[in-house]
Amino acid sequence: MDTKIGNVDVVTTPNGNVGCPPKIGGASCVQSSSVPFNSTEATLGRHLARRLVQIGVSDVFSVPGDFNLTLLDHLIAEPGLNLVGCCNELNAGYAADGYARSRGVGACVVTFTVGGLSVLNAIAGAYSENLPIICIVGGPNSNDYGTNRILHHTIGSPDFSQELRCFQTVTCYQAVVNNLEDAHELIDTAISTALKESKPVYISVGCNLPAIPHPTFSREPVPFSLSPKMSNKMGLEAAVEAASMFLNKAVKPVMVGGPKLRVANACQAFVEMADASGYALAVTPSGKGLVPEHHPHFIGTYWGAVSTAFCAEIVESADAYVFAGPIFNDYSSVGYSLLLKKEKALIIQPDRVTIGNGPTFGCILMKDFLQALSKKIKKNTTAYENYHRIFIPEGHPLQCAPKEPLRVNVLFEHIQKMLSSDTAVIAETGDSWFNCQKLKLPQGCGYEFQMQYGSIGWSVGATLGYAQAATDKRVISCIGDGSFQVTAQDVSTMLRCGQRNIIFVINNGGYTIEVEIHDGPYNVIKNWNYTGLVDAIHNGQGNCWTTKVFCEEDLIEAIETATVEKKDCLCFIEVMAHKDDTSKELLEWGSRVSAANSRPPNPQ
């Protein structure tokens with residue numbers, strides 16, 4: 001999928017080896033044919049639509065409301081743009097999130113305040129995951145600003161800035177377009193800022209403006225320029241010199257990739273350094289999918305006490321560890337229980353490098369630093385050799401007796417066999433985090449989950465958006481029943497879009513991840529007939545197949561049907577599981593997070 005922003009290349013992953021999505025690189029101008037003034041295309045609405053197409057967005061996720069209807073007319077009129085109507089704004093935002101993970105940028109359109117505040121949670125999640133999303137809101141009539149009038153869809157105050165103030169905390173730029181004179185500049189600045197900062201932006205467009213022609217929308221557009229970020233050359237040289245000295249004196253150094261490899265566009269550079277160094281290579285949990293797991297020195301996921309087998313022992317016993325783009329929070333650190341020492345760590349963030357307890361070098365891009373460091377470090381395979389020496393493959397799940405109730409570890413053994421370069425995995429917040437972490441991703445297999453924000457229900461919308469962008473892959477989603485209840489409606493939109501996802505809903509009767517942190521009656525949910533619900537949503541329109549799975553024999557038959565006879569259908573498989581059937585990693589992680597959450601206040 002090679003797309004361009006005018007002459008600005010959007011770089012894609014060669015052969016699917018590395019999981020970084022498209023990323024903006026270089027500076028250029030968007031080229032567009034001029035449109036005669038007063039034509040139906042010389043309007044703000046069509047200009048915004050053309051801009052979205054020019055940055056690589058071909059699908060926009062929307063929910064109509066009276067303030068955005070005229071704008072939606074103009075988006076629909078753009079030949080290169082497909083409007084995907086969602087069941088609610090939250091899912092539209094999650095879909096834009098999933099779309100951006102595959103395409104590099106996403107967009108959603110909602111209405112003023114009632115829509116804007118509904119999508120806000122999804123935009124906050126995208127902000128935490130460094131995803132550029134163009135969040136467009138149909139705003140009030142431009143004549144109503146400053147009139148002291150009270151409008152519907154507001155909280156009953158004549159101050160229309162409530163929505164804007166909310167978005168200021170979860171977007172990197174906000175544009176309120178309520179006149180045509182500066183609309184062009186505001187829109188272009190917002191879009192370019194989203195791409196440069198890799199964060200969501202907010203654009204509010206007055207409901208009476210999209211259809212009005214204006215000279216700035218009829219001529220060649222003002223150059224739409226993206227200035228590339230550059231490393232400080234002398235700082236880069238000094239950082240590389242210090243880092244190479246730090247690593248070359250180490251006996252058994254390791255490398256660990258984190259989630260900010262994506263925003264730094266440094267996945268390939270990270271692999272180049274792994275090739276050059278010979279170091280053992282791991283990922284943090286939220287970095288899974290960004291580093292190729294078929295790499296010869298890959299040793300698994302480093303997640304403290306719940307790491308994959310033998311990975312933590314190698315990382316924590318190293319005398320130097322290179323962390324590229326990590327996020328150390330209470331979840332990723334398993335309740336702050338990682339056995340790491342700062343003086344042994346080389347921490348590389350997208351724009352700075354810290355060596356041990358210092359110094360820190362700023363104004364240095366991760367990609368440049370890794371590429372330069374690769375040329376300076378000595379090959380050292382000691383840590384990987386140690387891993388290879390102690391590694392014992394994990395055993396297979398116990399053999400199931402005939403018609404024995406299905407265990408979750410058996411389910412994921414069969415999901416593993418489904419993975420290929422033609423698939424992508426979406427893992428919902430919950431025990432699917434831990435079970436999906438143990439999946440070994442084949443070359444080119446996509447993988448996404450939302451760990452920093454951890455919003456349950458994210459995966460339904462994200463599956464919709466990711467599948468809409470990555471039409472060459474079949475998306476396999478692993479979702480708990482509690483999470484599915486939050487956002488189930490947009491299976492409907494998947495059917496309308498003709499998607500062929502395979503959705504596993506694991507029905508164990510509650511919020512299992514919460515149970516393992518702190519149990520209570522609030523973690524038990526009303527059981528649904530999930531296949532019956534999806535059948536009702538299907539309602540004979542679109543291609544859909546559903547089934548319930550109770551035992552391994554059912555599962556084998558269901559997977560065979562989903563991947564052969566129903567390979568062109570959306571397949572919904574409800575897996576019946578015992579309420580206490582959890583991964584051992586969740587049990588360990590939950591107890592440690594619980595301990596971190598329940599720390600008593602420090603004495604004042």
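Computed from a prediction, not measured in an experiment: that's the story for all the values here.

1. Some words on the sheet that holds strand S15 (residues 352–355)
Ordered in space as S12-S11-S10-S13-S14-S15-S16, the seven strands form an open sheet in which the pairing is mixed. At either end of the open sheet lies a strand with only one pairing partner, and these are strand S12 (298–301) and strand S16 (360–362). Each neighbouring strand pair of the sheet contributes to a mean axis angle of 15 degrees, computed without reference to strand direction. Sheet strands in contact with helix H10 (residues 366–374) are strand S13 (321–324), strand S14 (345–349) and S15, and its direction is about 135 degrees off that of S14.

2. Focus: the packing of helix H12 (residues 408–418) against helix H19 (residues 552–565)
Interhelical geometry of H12 versus H19 gives an angle of 25 degrees and a closest axis separation of 11 Å. As summarised for this structure, H12 and H19 are arranged roughly parallel, according to the angle between their axes. In terms of crossing hand, the pair formed by H12 and H19 is right-handed. Here H12 contributes Val410, Leu411, His414 and Met418 to the contact with H19, which in turn contributes Glu552, Leu555, Ile556, Ile559 and Thr563. Classifying every residue of the contact of H12 with H19 by side-chain character gives six nonpolar, two polar and one charged.

3. Details of the UniProt feature "binding site: Mg(2+)" (unreviewed entry) in the chain
Taking the UniProt record as the reference, the feature "binding site: Mg(2+)" (unreviewed entry) is found at Asp481, Asn508 and Gly510. On the basis of their most widely separated C-alpha atoms, the annotated residues across 30 residues gather in one place, lying no more than 6.9 Å apart. Setting aside anything within four residues of it in sequence, one finds Gly510 in contact with Asp481, Gly482, Asn523, Val524 and Ile525.

4. Some points on the UniProt feature "domain: Thiamine pyrophosphate enzyme central" (unreviewed entry) in the chain
When the UniProt feature table is mapped to this numbering, "domain: Thiamine pyrophosphate enzyme central" (unreviewed entry) covers residues 241–359. What you have in residues 241–359 is 21% helix and 21% strand, and the ends, taken at the C-alpha atoms, are 12 Å apart.

5. Structural notes on the pattern of salt bridges
Evaluated as defined, the whole model comprises 16 salt bridges. In this structure, Arg46 and Glu78 form a salt bridge, with 3.4 Å as the shortest nitrogen-oxygen distance. With Arg46 in helix H1 (residues 44–54) and Glu78 in the loop between helix H2 (69–76) and strand S5 (82–85), this residue pair connects regions lying 32 residues apart in the sequence. By the burial criterion, Arg46 is buried, and Glu78 matches it. The residue Glu293 makes a salt bridge to Lys288 at a minimum N-O spacing of 2.7 Å.

6. Considering the packing of aromatic side chains
Each aromatic ring pair is summarised here by two numbers: the centre-to-centre distance and the angle between the ring planes. Enumeration over the complete set of coordinates arrives at 21 aromatic pairs. Ring centres 5.7 Å apart and planes at 70 degrees place the aromatic pair Phe61 and Tyr99 in the edge-to-face group. With Phe61 in strand S4 (residues 59–62) and Tyr99 in helix H3 (residues 89–103), the pair connects residues that are 38 residues apart, well separated along the chain. Tyr99 matches Phe61 in its accessibility class, with the two residues each being buried. The interplanar angle of 70 degrees and the centroid separation of 5.9 Å between the aromatic rings of Tyr321 and Phe323 together place this pair among those described as edge-to-face. Note on Tyr321: relative accessible area 1%, which makes it buried. By relative accessible area, Phe323 is classed as buried at 1%. In textbook terms, an aromatic cluster arises when at least three aromatic residues are bridged by ring pairs, as seen for Trp303, Tyr331, Trp433, Phe434, Tyr447, Phe449 and Trp589. The ring centre of Tyr127 lies 4.0 Å from the NZ or CZ of Lys199, which sits over that ring. Lys288 extends its terminal NZ or CZ atom over the ring of Tyr447, reaching a point 5.4 Å from the ring centre.

Rules and cut-offs
- Residues numbered from 1 in each chain as written.
- Predicted model: local features only at pLDDT ≥ 70, side-chain atom pairs only at ≥ 80, totals over all residues.
- Heavy atoms only, no water.
- Pairing = 2+ DSSP bridges.
- Helix = DSSP H or I, 4+ residues; strand = E, 2+ residues; numbered from the N terminus.
- Axes fitted to C-alpha atoms, helices over the stretch in contact; angles between N-to-C directions.
- Contact = heavy atoms within 4.5 Å.
- Parallel < 35°, antiparallel > 145°, perpendicular 65-115°, else oblique.
- Left-handed = near helix turned anticlockwise from the far one by under 90°.
- Nonpolar A, V, L, I, M, F, W, Y, C, P; charged D, E, K, R; others polar.
- UniProt positions renumbered as here; feature names shortened; annotations may be inferred.
- Salt bridge = Lys/Arg side-chain N within 4 Å of Asp/Glu carboxyl O.
- Buried < 20%, exposed > 50% of the residue type's maximum accessible area, 1.4 Å probe, protein only.
- Phe/Tyr/Trp six-rings, centres within 6.5 Å; stacked < 30°, edge-to-face > 60°.
- Lys NZ or Arg CZ within 6 Å of the ring centre and 35° of its normal.

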